[in-house]
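Commentary on secondary and tertiary structure
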Amino acid sequence: MSRYSRFNVTRRAFLKSTLLVPAGGSLKRSLGMVALTSPIPKAFGLEAATRQKKPNILFLMTDQQRGDCLGCAGNPVIKTPHLDSIAKEGVVFSNAYTSTPSCTPARSAILTGLSPWHHGMIGYGRVAGKHPFELPRAIRDAGYYLHGIGKMHWFPQRRLRGYHKILLDESGRVESPGFVSDYRLWFKEQAPEMDPDATGIGWNDYRGKAYALPERLHPTRWTADRAVEFIENYQRSEPFMLKVSFARPHSPYDPPQRFIDMYDEDDMPAPAVGDWAAKYARHEDSPRPSLWHGDLGVRQAKKSRRAYYGSISLIDEQIGRILAALKKSGKYDNTLIIFFADHGDMLGDHHLWRKTYAYEGSAHVPMLLRWPKAMGMDNQRGKSLPQPTELRDVLPTFLDVAGAPIPDSLDGKSLLELVRGNTKDWRPFIDLEHSMCYNKDHWNALTDGKVKYIYYAFDGREELFDLTGDPNELHNLSAEPAHKNTLLIWRRRMVEHLSERGEQFVSGGKLAIRKERLLYSPHFPKETAVS
């Protein structure tokens, strides 16, 4: 059974039957006849590589987007034609995960190419001020011009880390003294009498509402406008890496009304509720808009999802404008495009909201990759690749396409290896974890996309899910005799995985009980370990 079996549609059937709306603009070739100034990227594997300019890199990401919220992932309700077009010309990584499903540790994985234990963040805190090896500096050193737009969620907030320039939208977050984001400075110039937060929905709100201001002022539109301007005006001789980091669909779920109107509330999928999830149903009689658990009813969940889907369709439309600008400029054919989210959103599944959980709504993310025409591998375009991938794989992928060496110290692998068909040495499963956040549950998990094992270290609970037959994680199999051997296999894998961490995690060959919160591992740069 497919992961998205509840949608009753296959990805192949979707791509055949859906009219993909073009992003606009004519398709032009701009394969500059410039000799490479560093080693030929092994991604090319072609004699023509010596005549090609290094590919540009378009780095698209969203905040808090579920892995099942793309048309190309098999969701028949959501409207994402431009993202689906990237999938049609590239690949979908159907088992993509975020190892630590909250904003800052997820971004540490992108930044470092490391697992949570090795980059040091195993829960939600501040990103380290500096790691020994970071993506922006490494790609800059490979000969690229770097421009970042949108949400970075770093500390200090204005630190460039190797980018030549960044334009920030930090969702109202102020962590550095006197900080004001570029979006808010622009908003004040454009609409000095208006309040950017006038819609009245909070940053961790479960409610949705149409954006109360003119659409041109929406932060999603601002982020795309800046990206289009960069592409249209780029005249430098170096290839570019353009990071476009949208602050949505993370709450507030506040798309303009026309995007809410694209969806019928009754068409929204009802929340999945496992037969183990009753303990999360209770909530205050007057639930706070930022609650992390509670059964608010199917109708409220569908209302939230309608606005959430609208936020994603708004992002998709803006990505279409960015792709159109690439095509019009002649840069599209020689640009590697990657799209993914930092983590997902439970949206009421199992009576849970927001993120930080091991479950699919929180930890499974969308991930698409489209490579330049000169790389060939056309037989791979339009495929769905099932190997477990993770955010740590982004940095080595960029090094690969840039023709730069990939350090052995990285935990991530180049996604282009999977596109090339080099699957033999790929990881058999991926590790997930999160320190205590909303409650006392801190957990470690392993999954290969077919089975998921979760260990709760506070009290030793275990969960085992058959993702192939039960993609919504409705039935915990850990206590069922028929699955005892499977449980033992995955428990042993967890023991092996955690053994490097010492007695606090594995004692006497068994998974240890841990009562205390541990936010940073010993690998985290100590001087910036502030919770």
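Coordinates for the structure precede this section.
Predicted model, so just to flag it, every value in this text is computed and none were measured. (Residues numbered from 1 in each chain as written. Predicted model: local features only at pLDDT ≥ 70, side-chain atom pairs only at ≥ 80, totals over all residues. Heavy atoms only, no water.)

**Here's the deal with the side chain of Asp448**
- Following the sequence through the fold, Asp448 ends up in the loop between strand 12 (443–447) and strand 13 (451–456).
- The side chain of Asp448 sits in the buried core without any salt bridge; Lys450 is the nearest counter-charge, 4.5 Å away.
- A distance of 2.8 Å separates the side chain of Asp448 from the backbone nitrogen of Lys450, its partner in a polar contact.
- There is a polar contact of 2.8 Å between the side chain of Asp448 and the backbone nitrogen of Val451.
- Each residue touching Asp448, except ones within four places of it in the same chain, is listed here: Asn95, Pro388, Pro428, Phe429 and Trp490. (Helix = DSSP H or I, 4+ residues; strand = E, 2+ residues; numbered from the N terminus. Buried < 20%, exposed > 50% of the residue type's maximum accessible area, 1.4 Å probe, protein only. Lys, Arg positive; Asp, Glu negative; His and termini not counted. Salt bridge = Lys/Arg side-chain N within 4 Å of Asp/Glu carboxyl O. Polar contact = N/O pair within 3.5 Å; in protein donor to acceptor, adjacent residues only side chain to side chain. Contact = heavy atoms within 4.5 Å.)

**Focus on the environment of Lys526**
- With respect to the secondary-structure elements, Lys526 resides in the segment after strand 16 (510–511).
- Overall, Lys526 belongs to the exposed group, its relative accessible area being 57%.

**A short note on the environment of Ala138**
- Assignment of secondary structure puts Ala138 in helix 5 (residues 135–141).
- Given a relative accessible area of 10%, Ala138 falls into the buried group.
- For the pair Ala138 and Ala404, spaced 266 residues apart in the sequence, the C-alpha separation amounts to 8.4 Å.
- For Ala138, the contacting residues outside a window of four places in its chain are Phe133 and Leu399.

**Quick look at the packing of helix 7 (residues 219–233) against helix 9 (residues 298–329)**
- Axis separation between helix 7 and helix 9 bottoms out at 9 Å; the angle between their running directions is 5 degrees. Classified by the angle between their axes, helix 7 and helix 9 sit roughly parallel to one another. Of the residues in helix 9, those in contact with Thr220, Arg221, Ala224, Asp225, Ala227, Val228 and Ile231 of helix 7 are Leu314, Ile315, Gln318, Arg321, Ile322, Ala325, Leu326 and Ser329. (Axes fitted to C-alpha atoms, helices over the stretch in contact; angles between N-to-C directions. Parallel < 35°, antiparallel > 145°, perpendicular 65-115°, else oblique.)

**Thoughts on the environment of Asp342**
- Within the secondary structure, Asp342 is located in the loop between strand 7 (335–341) and helix 10 (360–363).
- Sequence separation between Asp342 and Pro101 is 241 residues; the distance between their C-alpha atoms is 7.2 Å.

**Quick word on unusual backbone geometry**
- Here the residue pair Arg248 and Pro249 is connected by a cis peptide bond, since its omega of 15 degrees sits within 30 degrees of zero.
- For the bond from Ser251 to Pro252, the omega torsion is 10 degrees, close enough to zero to count as cis.
- In this structure, Pro252 sits in the loop between strand 6 (240–249) and helix 8 (257–260).
- Its identity as a non-glycine residue notwithstanding, Arg354 has a phi of 70 degrees, on the positive side.
- For Thr356, which is not glycine, the phi dihedral falls at a positive 85 degrees.

**Considerations on the side chain of Glu360**
- Considering the arrangement of structural elements, one finds Glu360 in helix 10.
- In terms of polar contacts, Glu360 uses its side chain to reach the side chain of Lys452, at 2.6 Å.

**Here we look at the sheet that holds strand 13**
- One open sheet holds the 4 strands; their spatial order is 11-12-13-14, and the pairing between them is antiparallel. At either end of the open sheet lies a strand with only one pairing partner, and these are strand 11 (430–434) and strand 14 (461–466). The average angle at which neighbouring strand axes cross in this sheet is 15 degrees, direction not considered.
- Here strand 11 pairs with strand 12 via 5 bridges, running antiparallel. Within strand 12, the position partnered with Ile430 by the bridge is Thr447.
- On top of the sheet, helix 13 (residues 484–498) reaches strand 11, strand 12, strand 13 and strand 14; it is set at about 115 degrees to strand 12, its chief contact. (Pairing = 2+ DSSP bridges.)

**Description of the packing of helix 2 (residues 81–89) against helix 9**
- Remark: helix 2 packs on helix 9, axes separated minimally by 7 Å, with the N-to-C direction vectors making an angle of 55 degrees. Taken together, the axes of helix 2 and helix 9 are oblique relative to one another. The residues of helix 9 that touch helix 2, namely those facing Pro81, His82, Leu83, Ser85 and Ile86, are Asp316, Glu317, Ile319, Gly320 and Leu323.
- For the contact of helix 2 with helix 9, the per-class residue count stands at 5 nonpolar, 3 polar and 2 charged. (Nonpolar A, V, L, I, M, F, W, Y, C, P; charged D, E, K, R; others polar.)

**As for helix 2**
- Counting buried positions along helix 2 gives 7 out of 9 residues, so the element sits mostly inside the fold.
- Those residues of helix 2 lying buried are Pro81, His82, Leu83, Asp84, Ser85, Ile86 and Ala87.

**Comments concerning the sheet that holds strand 5 (residues 165–168)**
- With respect to topology, 8 strands assemble into an open sheet ordered 5-4-6-1-7-8-2-9, the strand pairing being mixed. The sheet is open, and its two edges are formed by strand 5 and strand 9 (383–385), each paired on a single side. Going across the sheet, the axis of each strand differs from the next one's by a mean of 15 degrees, ignoring polarity.
- Alignment of strand 1 (residues 56–63) against strand 6, held across 6 bridges, turns out to be parallel. Bridge assignment links Asp63 to a residue of strand 6, and that residue is Pro249.
- Packing of helix 7 onto the sheet brings it into contact with strand 4 (145–150), strand 5 and strand 6, and relative to strand 6 it is tilted by some 170 degrees.

**What to know about the nonpolar core**
- Judged by nonpolar contacts, the single largest core of 55 residues is most densely connected at Phe59, Phe93, Met241, Phe340, Leu369 and Phe398.
- It is helix 11 (residues 394–402) that contributes the most residues to this core, 6 residues altogether.
- Within the second largest apolar cluster, 40 residues are counted, among which are Leu167, Trp186, Ile231 and Tyr234. (Core = buried A, V, L, I, M, F, W, Y, C linked by side-chain atoms within 4.5 Å.)

**Side note on the pattern of salt bridges**
- For the coordinates displayed, the defined rule picks out 35 salt bridges.
- With its nearest N and O atoms 3.0 Å apart, the salt bridge here joins Arg66 to Asp349. Here the residue Arg66 occupies a position in the loop between strand 1 and helix 2, and Asp349 occupies one in the loop between strand 7 and helix 10, the gap between them amounting to 283 residues. With respect to burial, Arg66 and Asp349 carry one shared label: buried.
- A salt bridge links Arg392 to Asp431; the shortest N-O distance between them is 3.1 Å. In this pair, Arg392 is assigned in the loop between strand 10 (389–390) and helix 11 and Asp431 in strand 11, connecting sequence segments 39 residues apart. Of the two residues examined, Arg392 and Asp431, each falls in the buried class.

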